Each structure stands twice: as C-alpha cells, then as structure tokens.
Amino acid sequence: MDPSNFPSPCYVIDLSALRRNLEILQQVRRENDCRIVLALKGFSMWSLFPLMREYLGGCCASGLWEARLAHEHFGGELLTYAPAYKEDELGPLIEMSSHLDFNSRGQWEKYRKLVMEHPRFRSGKLRCGIRVNPECSTGSTPLYDPCAPCSRLGATVTSLEGADLEGISGVHFHTLCEQGAEDLEVTLKAVDERFGWLLSRPEITWMNLGGGHWITKPDYDLGLLGRLVRRVRQRYGVEVWLEPGEAAVIHTGVLLATVMDVVDNGMNIAILDVSATAHMPDVLEMPYRPDVIDPRTGEKGGAAGEKAHTYRLGGPTCLAGDVVGDYSFSRPLRAGDFLVFDDMAHYTMVKTTMFNGVRHPAIATFDPDTGESRVVREFSFEDYRDRLS
C-alpha cells in the first residue's frame, strides 16, 4: 500500500484481510450450525455491507440509529439490545428487529403488553429475550467488564426471582472483550449454574452468546468454540447466536498519519495530524498501545530507547494528554513523513469525534489482490458544522 495514494489522515481498510476474517466466521457458522451477525458498535462502515452480508446473517444493534442503519443497508436478521428503551423508539425497533432483548425485569414488565400485542410478535417474526448477568468476570479491564460489581448491564439471577417471563423466548449474555474460547467456557459454566433453570424452560428457543470473541485471531481455539456451541445446542435445544464486532475486522484496517512538526521539550515530540482523543480514543480509555509502522522502512516502532531515535507521538488538539505514546525508530522523523497505526478498524471509526474542529480522517479501501485504492469518503467543514446548531 502506497500512503501517497490516500489523503492524510485516513482510515484504510484492507479488503483481502476483511475477506479472510469473514471466511473464518463463515466456516464457524457452517461447521457448528450457529448464527453469526455483525456487531455495529464495533464496526459500521456501511459501504462494505454488501461484501459482509455475503458471509454474515445480519447485524446486532445497540439502539434505534444502529438498527435503522442495519435495516436500510445490511438486511437479514437484526438483533437489538439496549440498557433501556424509550417508548417512542420502541415502536420502530419492534418493526425492524427480528430479536429484541431487554436488560431488566422492569423493562420487560413495562413494555411486555405493547410488544406481545404487536402483529410481528404474534406472527413469530419478532422474538424477545432477556439479557442476563452471570456475575462472572473473566476480563482484565474493569471499564469493559459487564460483570463488574454494580454493573448496569444484564439481569442478575436474584433480580429475576419470581418474575413473570411470559413472552420471553431467548437468553442473551455478553461478558467478553477481546477474549478467547477458554473465557467463554468459564462464562458458560456460570450461566449454567445461575440460569440453567431459565434455559431449561421449553419456551426458550434461542441463546445469544454476545460478542467479544476473538474468533479470527491466529491463536484462537476454534475447536473449543465449536464444542461449546454444540454443547449449548444439545443441552438446551436452542439456536445459538454470536455477535462479534472486532473479530470481523481485526487486523484489517490502519490509520494513516503525517508528521506535521517535530519539537524538542526534554525529548523529541512528533506532532501528527491524527489525535488519540478524537480518532483512536481507546488508546486513552482502555488504555492500549497501538503498533506503529514506518512505511519508509517497513519497520514497527519500538519501545522508547529500543531503537536509535525516540519520539513522543502527539495529536493536533489542545488537550495536553492527546498523546499516543513514546516510540522509537531506526531513522529520525521529519515533517512530511508518513506513519501507519495498525489495527484501526474496530472501535475506532465508530468512536471518533470532531473535537477541536480537527480534520476527521478520510475513509478508504485498498485491495491488494487488484492494487486498487479507493477513497470512500472525505469529511468537510460542513460535516463539523452540522453536528451542532
């Protein structure tokens, strides 16, 4: 990929890598007789939906706008879940969704009559589920742990004691974040222990294992995932759904940046045209350290002091903490040099802002099979202006 073929800054999606991931997901779906949909909260580049729907059965949405995007541009099944629904949004969601999941006993009791009297529910075109919280933490980052103490996500077993769950035909949990099948196995044991009574009810016909499964990572145990899916299907006689977001697009996209200036204040600092806070917020929120590649050499940036030239990579906003990290390179950086931040497809474009009026990265694709580079969208001042009034 030649960086000069794209505007800077720019997100670039590698179509060959995307197809590779989608083929793995399709293999899992076919071999284990399960259903896999795209989680729009992780990736919602809708210009690629025609390609993605060749492999996936639909989408899962976290609210009305994501649901509408899926309904209008992807098609297929639509699984919707939100921590709470507003009544004026529930009507359209009932019309669009194939599955509608509720976060609590109170939400289901509040809307049960409205849902169950709707023609789509009565005809079986809409099925409803309850999200449960198995209270089993397997992750390492509390910010991304739905099972952390006092979590607002999912109904605990005690909250469902004595609940009237008439009309509920599915159970949904989502506890993982970029984790392997081993953590899913631990979670399923907790689900069995706390909610086996619910799953054993004859009216429960489907189970959603949520997202956070790193299915397309090279070391992911696909065999274990398959055994777990088949075990759930056989034990409870349910249809099994998976809704990965990052697994569909992990290692498929980069963020192309340009060095605008290099200054010295106790160390060399490279000012880039990309922002950690505005364009890759997980760097500050999670936090994590993205890989950086110098396209002049093809080398990955090292830790501070590892290579000959160390720089603090900072963004163009006025936020003092708008810093990606300290990296070292074998060659010095100069204004005008390109840098490439790896793995910037999932949970990046969906979380960007236009804070400080900084130029939003363009969105592009690159197909190494044909060599074609295509800029899908560039953003303008009007896009920034029209976000507010």
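Overview of the structure.

## Points about the nonpolar core
Counting 98 residues, the largest nonpolar core has Met-52, Val-115, Leu-313 and Phe-341 as the members making the most contacts within it. The element best represented in this core is helix 7 (residues 181-199), accounting for 7 residues. When neighbours within four sequence positions are excluded, Met-52 is seen to be in contact with Leu-18, Leu-22, Leu-38, Phe-43, Phe-74, Ala-248 and Val-249. Among the nonpolar cores identified, the runner-up in size contains 9 residues, and Phe-6, Leu-256, Ala-362 and Ala-364 belong to it.

## Overview of the state of the cysteines
Evaluation of the coordinates by the stated rule reveals 0 disulfides. The thiol of Cys-128 is not disulfide-bonded; the next cysteine sulfur, from Cys-60, is found 16 Å away. Judged by relative accessible area, which is 0%, Cys-128 ranks as buried. Cys-147 forms no disulfide, and the closest cysteine sulfur to it belongs to Cys-136, at a distance of 6.4 Å. Relative accessible area serves as the criterion here: at 8%, Cys-147 is assigned to the buried category.

## Some words on a nonpolar patch on the surface
There is a patch of nonpolar side chains on the surface, built from Leu-284, Leu-319 and Phe-355 and spanning about 240 Å² of accessible area. Tracing the sequence through the fold places Leu-319 in the loop between strand 15 (309-314) and strand 16 (323-329).

## Quick look at the pairing of strand 16
Counting buried positions over the 7 residues of strand 16 gives 5, a clear majority of the element. Examined bridge by bridge, strand 15 and strand 16 share 6 bridges and lie antiparallel to one another. Bridge assignment links Arg-312 to a residue of strand 16, and that residue is Asp-326.

## Structural notes on the packing of helix 4 (residues 87-96) against helix 5 (residues 105-116)
Pairs of packed helices are described in terms of their axes, by the angle between the two and the distance that separates them. Two elements in contact, helix 4 and helix 5, have axes whose closest approach is 11 Å; the angle formed by their N-to-C orientations is 40°. Taken together, the axes of helix 4 and helix 5 lie oblique to each other. The two elements helix 4 and helix 5 cross, and the hand of that crossing is right-handed. Counted together, Glu-87, Leu-90 and Ile-94 of helix 4 and Tyr-111, Leu-114 and Val-115 of helix 5 form the full contact between these two elements. Each residue belonging to the contact of helix 4 with helix 5 can be placed in one class, and the counts come to 5 nonpolar, no polar and 1 charged.

Rules of the game
Residues numbered from 1 in each chain as written. Predicted model: local features only at pLDDT ≥ 70, side-chain atom pairs only at ≥ 80, totals over all residues. Heavy atoms only, no water. Core = buried A, V, L, I, M, F, W, Y, C linked by side-chain atoms within 4.5 Å. Buried < 20%, exposed > 50% of the residue type's maximum accessible area, 1.4 Å probe, protein only. Helix = DSSP H or I, 4+ residues; strand = E, 2+ residues; numbered from the N terminus. Contact = heavy atoms within 4.5 Å. Disulfide = S-S within 2.5 Å. Patch = residues over 30% accessible without salt bridge, like charges linked within 9 Å, V, L, I, M, F, W, Y side chains within 5 Å. Areas by Shrake-Rupley, 256 points an atom, 1.4 Å probe, with all protein chains shown as cover. Salt bridge = Lys/Arg side-chain N within 4 Å of Asp/Glu carboxyl O. Pairing = 2+ DSSP bridges. Axes fitted to C-alpha atoms, helices over the stretch in contact; angles between N-to-C directions. Parallel < 35°, antiparallel > 145°, perpendicular 65-115°, else oblique. Left-handed = near helix turned anticlockwise from the far one by under 90°. Nonpolar A, V, L, I, M, F, W, Y, C, P; charged D, E, K, R; others polar.

By themselves, these figures tell us nothing about what the structure is for.
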